[in-house]
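Residue-level structure breakdown
The primary structure of each chain is shown beneath.
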Number of protein chains: 2
Amino acid sequence: MNDSYLNFVNSPLGARVARSLGLPKPEVLRRYRADAPEFDGLIAVGAGPAPQLLDALANVVAHIGMTSVAHASAGLWVPLANRHGLMTGRFEPADPATGAQARVRALVFDASGIESSAQLDTLYAFFHDALRSLDQSGRIVVLGRPPEACASPRQWTAQRALEGVTRSLGKEARRGIAVNLMYVSQGAENGLESTLRFFLSPRSAYVSGQVVRIGAAPGGMTQNVGADFDWTQPLAGQRAVVTGAARGIGAAIANVLAAQGAHVIGIDIPSATDALDATLRQIGGTALALDIAAPETPAQIAAALDELGVDVFVHNAGITKDKTIAKMTEAAWRNVIDINLSAQERIDDALLEAGTLRDGGRIVCVSSISGIAGNLGQTNYAASKAGVIGRVQGMAPYLAARRITINAVAPGFIETQMTAKMPLALREAGRRMNSMSQGGQPADVAQTIAWLAHPGSAGVTGQVVRVCGQSLIGA
Amino acid sequence: MNDSYLNFVNSPLGARVARSLGLPKPEVLRRYRADAPEFDGLIAVGAGPAPQLLDALANVVAHIGMTSVAHASAGLWVPLANRHGLMTGRFEPADPATGAQARVRALVFDASGIESSAQLDTLYAFFHDALRSLDQSGRIVVLGRPPEACASPRQWTAQRALEGVTRSLGKEARRGIAVNLMYVSQGAENGLESTLRFFLSPRSAYVSGQVVRIGAAPGGMTQNVGADFDWTQPLAGQRAVVTGAARGIGAAIANVLAAQGAHVIGIDIPSATDALDATLRQIGGTALALDIAAPETPAQIAAALDELGVDVFVHNAGITKDKTIAKMTEAAWRNVIDINLSAQERIDDALLEAGTLRDGGRIVCVSSISGIAGNLGQTNYAASKAGVIGRVQGMAPYLAARRITINAVAPGFIETQMTAKMPLALREAGRRMNSMSQGGQPADVAQTIAWLAHPGSAGVTGQVVRVCGQSLIGA
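Residues numbered from 1 in each chain as written. Chains lettered and ligands numbered in written order. Predicted model: local features only at pLDDT ≥ 70, side-chain atom pairs only at ≥ 80, totals over all residues. Heavy atoms only, no water.

With an unreviewed UniProt entry as reference, chain A is termed 3-oxoacyl-ACP reductase, source organism Paraburkholderia largidicola. Chain A has a UniProt comment under Sequence similarities (unreviewed entry) that states "Belongs to the short-chain dehydrogenases/reductases (SDR) family." (UniProt positions renumbered as here; feature names shortened; annotations may be inferred.)

Dropping the structure here:
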């Protein structure tokens, strides 16, 4: 779980050695800490023609208490920010003599009004002027409209082009900077807060190069949470189940959901009972030692949760049994498909049928980059994880009537006991082949799941979000 | 344009050196040659429960004259093949004593009837038994149903899982084997021939890890070509325009379309007139020296084509002007967006308005892996190429009423004068980071475009097909 190269090149001696040898120097990423402010510093705002999301943006900036500066492209921002009672000013380009420039924590560009490819030059103007001002572990968010809902092919084209810009920015920004794109549907403007907060927060340290759609929430649900909502305890009063919770990513998920106020019910196989108990005891949760693959388990989970029900269900448990298909046993195939995929289906069916998962609830499934790109020796695992993607896409419309969302996270290289056992060359390749030049932490996956589980994320469903530091690997 | 490592390790001495040093040995890919049979050898057929596409498959196998063997999973194949007058037999697993096995050229699995994750084990059974029997430069095609059209979330899940299997098979098969997945809509069974032929043919040598959807053709068009259709000259009597046709990929496209019977009109900038003339002269085509970015060009193209019209338009012309965005000039941004993206929009508008592009025609655009994954120093280029993806997705429904299809190809590392100039380390990384361990040839892109331009490809529209040897790089 220890990236010794990262630690070395960020030590005083190591930094000197790395510099003299021309070695890459991955940043120590700024991550969320309960004892440090989540949001601070400057946010620079840019915009294309006729921006439609500045008002929603100003709302969020006001809530999180950042100070904003307006790039020349966002002339509308200053009066708007004043109306929202925001401290604001003009973004000052670099002093040509000294190169000195105000440091900013985040760049946000409202591209929602862009209707043609020629208008994309407003993105150029903003990022050309402002990218160098962005701090280490800074954030870039581009706001657009879902291409598939655009009125004309030209608008669709221009909005779709935003993906190319943001993904390229992620690859060239480096320095721990995360770059993401939010496509906000018409009518969903008030539903963007939980997602925008997540992308601006250190909680999204290892999430970059992602495209997230914010839809009008299913079932006519109010997307936004109320004005008196406690954003520090978004899951207060909720009950959340996490499978595979004894160790690693599952334990991190349990910890983060508990820190956000949830009572966590952790499930893991009976042989992991001690670790499971220890994890859940620390957070005042409940341990359920059950084998998710057993045929009676779905009914047992439903029975155990029945009286109080559950608001959030995280399907995290999974196994690998890697072999090329010619050498793979049939049992290895069946086992991986059953535990990683079929068991999720059986459990959801039981919980949904019994009404154990409450209306307005959240299902979050753990997929994998292997499910997106395939992987050598993982036909079984990749099938199961690609199936998970199909599951969230296929279930989302079906669950919308009950205002339940279902999404997946697809982790890339995460520092766990599992990856620590990989052969050195493979491990180092996996660690470095992403825009952060390092592996992620279990907490990075957990924070992403907590965002999807958030009451304010009602407009996010049927989606797959990678937690991979913008891995080079994809499809 | 010369991959000297590929040539070296496939020489007698080099093969020995590579073996003793444990170096990877990329295959010399089997490519289409007019003087060699396009289809020959054995095709092994497997199937999941209740397969629905075996009849359509048998039709194609009969047309192309391959001999089939049925895996135990495809018991229905033998009587069906007999009905189609096909020579067929049973697939024999390896002799446990000698390991000897019949060599097959292609493995085709009909997964269309799979309705649940547990049924995916039929894929395991087939590929476990048969993968080792597959020849170098062999082909794997998996046939399924589009997940998004499935009746239940479980079926959607299982069909979506096929992507994970095929992409993993591509990564482990190696030896120049290409693996692709076709999602065939209900009612589009008769429209799969042009695509299945392409994926079984040496024409698709560098296309692997791709997912293609065959829809019911737009506008009620007959998808399949008639029984008397000449598959050796699919574009006979058609007129095809290719932009950027003077050299490289554009010239290869012109050559392939001409070889398939089209009269080709090649467009390139006036400064490339000599090369353009030479390319077009060789194939009896017409050269049009025009700058596609000039405002008057669309009208000039429409006027030049007016009397005879055009059936196929290939938007291939494109430029790069790479720089990180902080160092990029505004002109470099605008130029790349305008030539690679906006010019395509202006030209299509002119041709569609004037009716120059005939109903039932084909538009094929050249995108790029950079448009999918983004790239360092290519914010402008990636924006333009992502925009091209938006363009084909946005235009497809709009053009359906006129039975015009629009698709994009996204080349990965292709051996051209442009890539020959890359720095060695970058070039070698680009060449090797794919399942073929080598760069592609311009003809690989051209053959893919010819398939999309094919009269039989009426059910393929709004799609992006990578020509990348299943590059590791993606999103």
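More follows now that the structure is in view.
Counting residues in hydrophobic clusters, the biggest one holds 74 residues, and the most contacted among them are Trp 77, Met 182, Leu 200 and Leu 257 of chain A. When residues of this core are assigned to domains, at least three fall in each of domain 1 (42-216) and domain 2 (239-467) of chain A. The contacts of Trp 77 of chain A, once residues within four sequence positions are left out, are Val 45, Leu 54, Leu 57, Ala 58, Val 61, Ser 68, Ala 70, Leu 86 and Thr 88 of chain A. Counting residues in hydrophobic clusters, the runner-up holds 73 residues, among them Phe 39, Val 45, Ala 70 and Val 264 of chain B. (Core = buried A, V, L, I, M, F, W, Y, C linked by side-chain atoms within 4.5 Å. Buried < 20%, exposed > 50% of the residue type's maximum accessible area, 1.4 Å probe, protein only. Domains from an automatic or database assignment. Contact = heavy atoms within 4.5 Å.)

This paragraph deals with the sheet that holds strand β3 (residues 88-90) of chain A. Residue and element names in this part refer to chain A. Read across the sheet, seven strands follow the order β3-β2-β1-β4-β5-β6-β7 without closing on themselves; strand pairing throughout is parallel. At either margin of the open sheet sits one strand with a lone partner, and together these are β3 and β7 (210-214). On average, adjacent strands in this sheet sit at an angle of 25 degrees to one another, irrespective of strand direction. Note: strand β1 (residues 42-47) against strand β2 (residues 67-70), four bridges, orientation parallel. Residue pairing in the sheet places Ala 44 in a bridge with Val 69 of β2. Along the sheet, helix α5 (residues 121-130) contacts β1, β4 (104-110) and β5 (134-144); its crossing angle with β4, the most-contacted strand, is approximately 175 degrees. (Pairing = 2+ DSSP bridges. Helix = DSSP H or I, 4+ residues; strand = E, 2+ residues; numbered from the N terminus. Axes fitted to C-alpha atoms, helices over the stretch in contact; angles between N-to-C directions.)

This next bit is on the sheet that holds strand β13 (residues 405-411) of chain B. Residue and element names in this part refer to chain B. Read from one edge to the other, the open sheet built from seven strands follows the order β10-β9-β8-β11-β12-β13-β14, with strand pairing classed as parallel. Two strands lie at the open edges of the sheet, namely β10 (286-289) and β14 (464-467), each paired on one side alone. Strand-to-strand twist across the sheet, computed as the mean angle between neighbouring axes with direction ignored, equals 20 degrees. Both strand β8 (residues 239-243) and strand β11 (residues 310-315) contribute to a ladder of three bridges, which runs parallel. Residue Val 242 lies in a different strand from β11, and its bridge partner there is Val 314. The strands touched by helix α11 (residues 330-353) are β11, β12 (357-366) and β13; relative to β11, the strand with the most contacts, the crossing angle is about 170 degrees.

Applying the stated criterion to the full structure yields 16 aromatic pairs over all chains. Ring geometry for Tyr 124 of chain A and Trp 333 of chain B: centres 5.8 Å apart, planes at 35 degrees, overall tilted. Placement of the pair is Tyr 124 of chain A in helix α5 and Trp 333 of chain B in helix α11, with the two residues belonging to separate chains. In this pair, the class of Tyr 124 of chain A matches that of Trp 333 of chain B, namely buried. Between Phe 126 of chain A and Phe 127 of chain A the ring centres are 4.9 Å apart and the planes differ by 70 degrees, which places this aromatic pair in the edge-to-face class. Comparing Phe 126 of chain A with Phe 127 of chain A shows no difference in burial state: the two are buried. Among the aromatic side chains, those forming a connected cluster through ring pairs are Phe 109, Phe 126 and Phe 127 of chain A. Sitting over the face of the ring of Trp 231 of chain A, Arg 197 of chain A holds its NZ or CZ atom 3.9 Å from the ring centroid. Note that Arg 203 of chain B overlies the ring of Tyr 32 of chain B, its terminal NZ or CZ placed 3.7 Å from the centroid. (Phe/Tyr/Trp six-rings, centres within 6.5 Å; stacked < 30°, edge-to-face > 60°. Lys NZ or Arg CZ within 6 Å of the ring centre and 35° of its normal.)

Another point: the relation of the copies chain A and chain B. At an RMSD of 0.0 Å, chain A and chain B line up after a rotation of 180 degrees and a shift of 0.0 Å along the axis. With respect to symmetry, the two chain copies, as superposed, fit the operation of a two-fold axis. Proximity to the rotation axis, assessed at the C-alpha, singles out Gly 474 of chain A in chain A; its C-alpha lies 1.8 Å from the axis. (Least-squares fit on C-alpha atoms with pLDDT ≥ 70 in both.)

To continue, consider the side chain of Asp 3 of chain B. All names here are of chain B. Structurally, Asp 3 is set in the segment before α1 (4-9). Of note is the side chain of Asp 3, whose polar atom sits 2.8 Å from the side chain of Arg 432. In this structure Asp 3 touches Glu 415, Arg 431, Arg 432, Gln 438 and Gly 439, once residues within four positions along its chain are discounted. (Polar contact = N/O pair within 3.5 Å; in protein donor to acceptor, adjacent residues only side chain to side chain.)

Take the confidence of the model for chain A next. Summarising the model, chain A shows a mean pLDDT of 94, and 98% of its residues fall at 70 or more. For this predicted complex, the interface score ipTM comes out at 0.96, while the overall pTM is 0.96. (pLDDT = per-residue confidence, 0-100.)

What follows concerns the interface of chain A and chain B. The accessible area lost on association of the parts is a frequent measure of interface size. With 67 residues of chain A at the contact, the number on the chain B side is 66 residues. For the pair chain A and chain B, the two sides together bury roughly 5,500 Å², of which 60% comes from carbon and sulfur. On the chain A side of the interface with chain B, the three residues burying the most area are Tyr 124, Glu 172 and Ile 325 of chain A, jointly 12% of the side's total. At the boundary of chain A and chain B, one finds four salt bridges. Arg 154 of chain B is the partner of Asp 349 of chain A in a salt bridge, and the nearest nitrogen-oxygen pair spans 2.6 Å. The interface formed by chain A and chain B includes 41 residue pairs in polar contact (both at pLDDT 80 or more). Contributing elements (two or more residues each) for the side of chain A that touches chain B: α5, α6 (153-173), α11 (330-353), α12 (369-373) and α13 (379-399) of chain A. In terms of residue count, α6 of chain A provides more of the side of chain A that touches chain B than any other element does, 13 residues in total. Here the side of chain A that touches chain B is built from residues that sort into 30 nonpolar, 21 polar and 16 charged. (Buried area = accessible area lost by both parts, 1.4 Å probe. Salt bridge = Lys/Arg side-chain N within 4 Å of Asp/Glu carboxyl O. Nonpolar A, V, L, I, M, F, W, Y, C, P; charged D, E, K, R; others polar.)

All names here are of chain A. If you check the domain split of chain A, you get domain 1 (42-216) and domain 2 (239-467). The straight-line distance from the C-alpha centre of domain 1 to that of domain 2 is 31 Å. Contact with domain 1, which involves 22 residues of that partner, is made by 24 residues of domain 2. In total, domain 1 and domain 2 occlude about 1,800 Å² of area from one another, counting both sides; carbon and sulfur atoms represent 54% of this. Among the residues of domain 1 in contact with domain 2, Ser 194, Arg 203 and Tyr 206 are the three that bury the most area, contributing 39% of the side total. The tally of links from domain 1 across to domain 2 stands at zero salt bridges. Taken together, the links from domain 1 to domain 2 amount to twelve residue pairs in polar contact (both at pLDDT 80 or more). Elements represented by at least two residues in the side of domain 1 that touches domain 2 include exactly α6, α7 (193-200) and β7. Here the side of domain 1 that touches domain 2 takes five residues from β7, the largest share from any one element.

Before going further, it helps to spend a moment on the pattern of salt bridges. Residues and elements named next belong to chain A. If you walk through the whole model with that rule in mind, you get 46 salt bridges over all chains. Residue Arg 167 is joined to Glu 163 by a salt bridge in which the shortest nitrogen-to-oxygen separation is 2.6 Å. A residue pair is termed a helical-turn pair when its members lie 3 or 4 positions apart in one helix, as Arg 167 and Glu 163 do in helix α6 at four residues. Across the pair, exposure class does not vary: Arg 167 and Glu 163 are buried alike.

Our next topic: the pairing of β1 of chain A. Residue and element names in this part refer to chain A. Within β1, five of the six residues are buried, leaving the element largely enclosed by the surrounding structure. In terms of handedness, the path from β1 via helix α3 (residues 54-64) over to β2 forms a crossover that is right-handed. As defined by bridge partners, β1 adjoins β4 across five bridges and the pair is classed as parallel. Note that in β4 the partner of Ala 47 across the bridge is Asp 110. (Right-handed = clockwise from strand over helix to strand, strands pointing away.)

Our next topic: helix α16 (residues 442-453) of chain A. Over its twelve residues, α16 of chain A runs 17 Å from end to end, which matches the ideal 16 Å to within 8%, given 1.5 Å per residue. α16 of chain A sits mainly inside the fold: eleven of its twelve residues count as buried. (Expected span 1.5 Å × (residues − 1).)

Next up on the list: the environment of Thr 166 of chain B. Residue placement: Thr 166 of chain B occurs in helix α6 (residues 153-173). Here Thr 166 of chain B is in contact with Val 142, Val 179, Asn 180 and Leu 181 of chain B, once residues within four sequence places are set aside.

All names here are of chain B. Tracing the backbone through its elements, the reader meets His 84 in the loop between α4 (77-83) and β3 (88-90). The spatial distance from the C-alpha of His 84 to the C-alpha of Ala 58 is 6.7 Å, given a sequence separation of 26 residues. Setting aside anything within four residues of it in sequence, one finds His 84 in contact with Asp 55, Ala 58, Asn 59 and Ala 62. At a separation of 3.0 Å, a polar atom in the side chain of His 84 contacts the side chain of Asp 55.

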